[in-house]
Amino acid sequence: MNAMGFAWRSLVRQPARASLGVLGVAAVGALLFDMLLLSQGLVISMRGLLESTGFDLRVTSTDGLPGQGPLIPNAIDRTQSIARLPSVRSAIALRFANAVLLAGGPRGVYTSFQGVAGSGPSHPWSILRGRDIAPGRPEIVINENAAARTNLEAGSQVMLRANCADQEQALPPVPFTVSGIAQFPFDAPNGTTVATSLQMLAAACGGNESNDADVIMVASQESVGPSATAADVAQLLPDLHVLSNAEAVNRFERGGFTYFRQISTVLTAVTLSFAVLLITVLLTVSINQRLGEIAALRALGFSRWRVVADVFCESVLIVGGGGLLSLPAGALLAIGLDRILKRIPGIPVDVHFFVFQPSALQVHLLLLAATAIVAALYPIRIVARLPIAATLRDEVVG
Amino acid sequence: VSVRSVVTFIAFVVIASASVAADDSLPSVLISRQLSETEHLSVGDVIRLSVSEDGTHVQQFRIAGVYEPTPDPARLGAVIREVQLHLPDLLNLTREPSTPSGGEYVQTINVALVDPNDARAFSRDVGARMPGVEARPAIGAAESTGPFIVLRRFHLAIAIVTIVASTVFLLALTIMLVDERRATVGVLRLIGLPIRRIIFQLFLEGVLIAVVGSVFGLVLSLLSEGIINRFFQWRYDTALVFVRITPQVAAICVAIAVPLGVSATVVASWALLRRSGLRLARR
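Here goes a summary of the coordinates provided. It should be emphasised that the depicted structure is a prediction, and the values quoted were computed from it without experimental measurement.

1. Overview of the overall build of chain B
Thought 1: What chain B contains, in helices and strands, is 8 helices and 6 strands.
Thought 2: In chain B, buried positions account for 28% of the 283 residues.
Thought 3: Taking contacts inside chain B between residues at least 6 apart in sequence as the whole, the part at least 24 apart equals 70%.
Thought 4: For chain B, the exposed surface amounts to about 17,500 Å²; the carbon and sulfur share of it is 61%.

Here it is, written out as structure tokens:
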């Protein structure tokens, strides 16, 4: 019988303790797996979301994030200039504001409000029902949440009061027609969003700064790539700041959400130490109870390496069995934890904290393998140095 | 309700700076430690501030002090480069030429009440007398902020998983430890000790081990509290406290750990003691 088969029989002989050991490793392994998914999940998810918009460069007036700095003056003219660059496929200007849709109740529904203009064949949203806004018409698209709260549908008429500055304003309400219901990539689960053309947004904002925007979004030609396009845009408009998706993700990675990566690192270290300590104790106590049996096997002709291999295989079986169970358990736990974390206000619907990636699975398996080896070291040392005659005398006579 | 003091503030960012000879007649400002370090500014230096990137409408100020920004979890990871000005100086600097003096606005008015318990009543009074102005009690503001409630739930969920894993391991260990003493327990049974007496002894052992383990765990957590706080404070350059072992947290941990440890010992022992003494003592 080989070492693995022998180790299997040793474990099966005491099913309660073997099962508990495997279950314990499964629980710890599930937490470890989740921490690995969390370590990069948010960044991967955000990268996917940014790329899904179809634009790979963001041009702003300062190095702040879009919507956090001053408006870009003459944004429409500049968007057209950018769109004419050979390396650019399309470019659109976006302006962000807030608004109240005067429907769905006496106080209306507070919503974010965006205006778009430019050369792009499509807008940064997907139409779910109805149709897209037509240029030059007072039309808006609204998201599902806004539609549900205001009871508006495609074709409905609504009055909208815009708020376009930091300070409170009392702008007159403006009539709009809802042309369609749309999905916006950065919508939070309960967020309400309304979008129209930049021209109509400026009109709703009182006609001031009608040519200004918060950000110009640029899609580069696939043959050129974002880096070369960013250089072209920076050369064309040196007073503006160009941010690629990769740079945005990098900034995001260095921002406040690094907390999750740090906490995952700490918890990974704690979880691994916990697993190593407990499996070591489990194996050591188990070995101590079987010293006489092991000494008898040695006396019967089992080599030192053979009994060491038996102990090591026991460790591998406990960690391996627990590790296998930890994958489905970890996946279920990740879904639950993701649901909890996604309640943080302002997190877009499509952003997830726990994202599966093959590298996380590889690291998980490597860490579990290392755990099996390290946890087996001390019990292996006991078995390897076991004095056969003295142990047999102690166990039989004692 | 009486108001003890009223403070207004607006955060301001340095646009341009230059260190020249100190001049006491200049208006004074405070700068954040981070700004002081990144721009190599110190107390007594004169800086020039402007509200526009092109450096128009520049005014000079003297740095009166360097302050440590109030830790703010919402700004974790951000390098806080701030200048605090006296409000009249700020309004002079930021006022549009067309705006008459006194017509400016501020974002926030912080109010300190003589009796903090009057916060809710004061908030209602402001709402009734000044429509459009919202007064919120500061006490409990952090607790009511969504992200931190979510993070608390997240940590609680992780703690529950950890407790489940620990319980499973604990049960496995106690089964083995009790099994190791099978012969001893068998002899005790054979010389006439009743099961109840042996279980009581094992129960006391379980209590002792659980209490010692809990105390060890608390000491370990108190030691790691400092390490974790120092690491994250260094990592994020903040004075924010990330981990705090309060008496309440310690009490909860002990209240969970001790009964869990004792229960595991008793459950494992009970399974063993159901066998006959002769069978237990047999080698």
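2. Notes on unusual backbone geometry
Thought 1: A positive phi angle, near 50°, is found at A:Asn74, a position not held by glycine.
Thought 2: Here A:Asn74 lies in the loop between strand E1 (57–60) and helix H3 (75–83).

3. Some words on H3(A)
All names here are of chain A.
Thought 1: Residues of H3 that are buried include every one of Ala 75, Arg 78, Thr 79 and Ile 82, and no others. Viewed along the axis of H3, the buried residues span an arc of 105°, placing them on a single side of the element.
Thought 2: Along its buried surface, H3 packs onto E1, strand E2 (88–101), strand E3 (109–118), strand E9 (215–220) and helix H6 (226–236).

4. What about the pattern of salt bridges?
Thought 1: For the structure shown, the criterion picks out 12 salt bridges over all chains.
Thought 2: The salt bridge partner of B:Glu68 is B:Arg33, with a shortest N-O separation of 2.5 Å. On the criterion of sequence distance, the pair formed by B:Glu68 in the loop between strand E4 (59–67) and strand E5 (83–85) and B:Arg33 in helix H1 (residues 33–39) is long-range, its members being 35 residues apart.
Thought 3: You can call B:Glu68 partly exposed: its relative accessible area is 38%.
Thought 4: Beyond isolated ion pairs, a larger network of salt bridges with shared partners links A:Arg13, A:Arg290, A:Glu293 and A:Glu314.

5. Structural notes on the packing of aromatic side chains
Thought 1: Counted under the stated rule, the structure contains 8 aromatic pairs over all chains.
Thought 2: Grouped by ring-pair contacts, the aromatic residues B:Phe231, B:Phe232, B:Trp234 and B:Phe242 constitute a single cluster.
Thought 3: One cation-aromatic arrangement involves A:Arg306 over A:Phe6; the distance from NZ or CZ to the ring centre is 5.7 Å.

6. Looking at a nonpolar patch on the surface
All names here are of chain A.
Thought 1: A contiguous nonpolar surface patch, about 330 Å² in accessible area, is contributed by Phe 312, Ile 373, Val 374 and Leu 377.
Thought 2: Among the elements that take part in the nonpolar patch, helix H11 (residues 358–384) stands out by supplying 3 residues, more than any other.
Thought 3: Looking at the element boundaries, Ile 373 is found in helix H11.

7. So, the side chain of A:Asn143
All names here are of chain A.
Thought 1: With respect to the helices, strands and loops of the structure, Asn 143 is situated in the loop between strand E5 (139–142) and helix H4 (144–150).
Thought 2: Owing to a relative accessible area of 3%, Asn 143 belongs among the buried residues under this scheme.
Thought 3: For Asn 143, the side chain forms a polar contact with the main-chain nitrogen of Ala 146, separated by 2.9 Å.
Thought 4: Excluding residues within four positions of it along the chain, Asn 143 makes contact with Ile 181, Ala 182, Phe 184, Asp 187, Gly 191, Thr 192 and Thr 193.

8. Quick word on the sheet that holds E4(B)
Residues and elements named next belong to chain B.
Thought 1: Strands sit in the order E3-E4-E2-E5 across an open sheet of 4 strands; the sheet is mixed. Of all the strands in the sheet, just strand E3 (46–49) and E5 have a single pairing partner and so form its edges. Along the sheet, successive strands turn relative to each other by an average axial angle of 45°, direction set aside.
Thought 2: Where E3 meets E4, 4 bridges bridge the pair, whose relative direction is antiparallel. Residue pairing for E4: Val 46 is matched across the bridge by Arg 62.

9. A closer look at the interface of chain B and chain A
Thought 1: On the chain A side, the residues contacting the 32 residues of chain B number 45 residues.
Thought 2: Between chain B and chain A the total buried area reaches about 3,300 Å² when both faces are included, carbon and sulfur atoms providing 76% of it.
Thought 3: Considering only the surface of chain B that becomes buried against chain A, B:Phe154, B:Phe169 and B:Met176 emerge as the three largest contributors, covering 22% of it.
Thought 4: At the junction of chain B and chain A, the tally comes to 0 salt bridges.
Thought 5: Our enumeration of links across chain B and chain A arrives at 0 residue pairs in polar contact (both at pLDDT 80 or more).
Thought 6: For the side of chain B that touches chain A, the secondary structure elements donating two or more residues are helix H4 (146–180) and helix H6 (195–236) of chain B.
Thought 7: Counting residues per element, the side of chain B that touches chain A draws most heavily on H4(B), which supplies 22 residues.
Thought 8: A class-by-class count of the residues in the side of chain B that touches chain A yields 21 nonpolar, 5 polar and 6 charged.

10. Things to note about the nonpolar core
Thought 1: If you look at the biggest cluster of nonpolar residues, it comprises 38 residues, and the most contacted ones within it are A:Ile279, A:Leu282, A:Ile287, A:Ile294, A:Val383 and B:Phe169.
Thought 2: Among the elements of the structure, helix H2 (15–52), helix H8 (258–289), helix H9 (291–300), helix H10 (304–341) and H11 of chain A together with H4 of chain B are those that each provide at least two residues to this core.

11. Observations concerning the packing of H2(A) against H11(A)
When two helices pack together, their arrangement is given by the angle between their axes and by how far apart the axes lie.
All names here are of chain A.
Thought 1: H11 packs onto H2 with a crossing angle of 140° between their chain directions and a minimal axis gap of 9 Å. Relative to H11, the element H2 lies oblique. Regarding H2 and H11, the two cross each other, and that crossing is right-handed. Along the contact surface, H2 presents Gly 29, Leu 32, Phe 33, Leu 36 and Leu 37, while H11 presents Ala 360, Leu 361, Val 363, His 364, Leu 367 and Leu 368.
Thought 2: Looking at side-chain class alone, the contact of H2 with H11 contains 9 nonpolar, 2 polar and no charged residues.

Conventions we followed
Residues numbered from 1 in each chain as written. Chains lettered and ligands numbered in written order. Predicted model: local features only at pLDDT ≥ 70, side-chain atom pairs only at ≥ 80, totals over all residues. Heavy atoms only, no water. Helix = DSSP H or I, 4+ residues; strand = E, 2+ residues; numbered from the N terminus. Buried < 20%, exposed > 50% of the residue type's maximum accessible area, 1.4 Å probe, protein only. Contact = heavy atoms within 4.5 Å. Areas by Shrake-Rupley, 256 points an atom, 1.4 Å probe, with all protein chains shown as cover. Arc of directions from axis to C-beta. Salt bridge = Lys/Arg side-chain N within 4 Å of Asp/Glu carboxyl O. Phe/Tyr/Trp six-rings, centres within 6.5 Å; stacked < 30°, edge-to-face > 60°. Lys NZ or Arg CZ within 6 Å of the ring centre and 35° of its normal. Patch = residues over 30% accessible without salt bridge, like charges linked within 9 Å, V, L, I, M, F, W, Y side chains within 5 Å. Polar contact = N/O pair within 3.5 Å; in protein donor to acceptor, adjacent residues only side chain to side chain. Pairing = 2+ DSSP bridges. Axes fitted to C-alpha atoms, helices over the stretch in contact; angles between N-to-C directions. Buried area = accessible area lost by both parts, 1.4 Å probe. Nonpolar A, V, L, I, M, F, W, Y, C, P; charged D, E, K, R; others polar. Core = buried A, V, L, I, M, F, W, Y, C linked by side-chain atoms within 4.5 Å. Parallel < 35°, antiparallel > 145°, perpendicular 65-115°, else oblique. Left-handed = near helix turned anticlockwise from the far one by under 90°.

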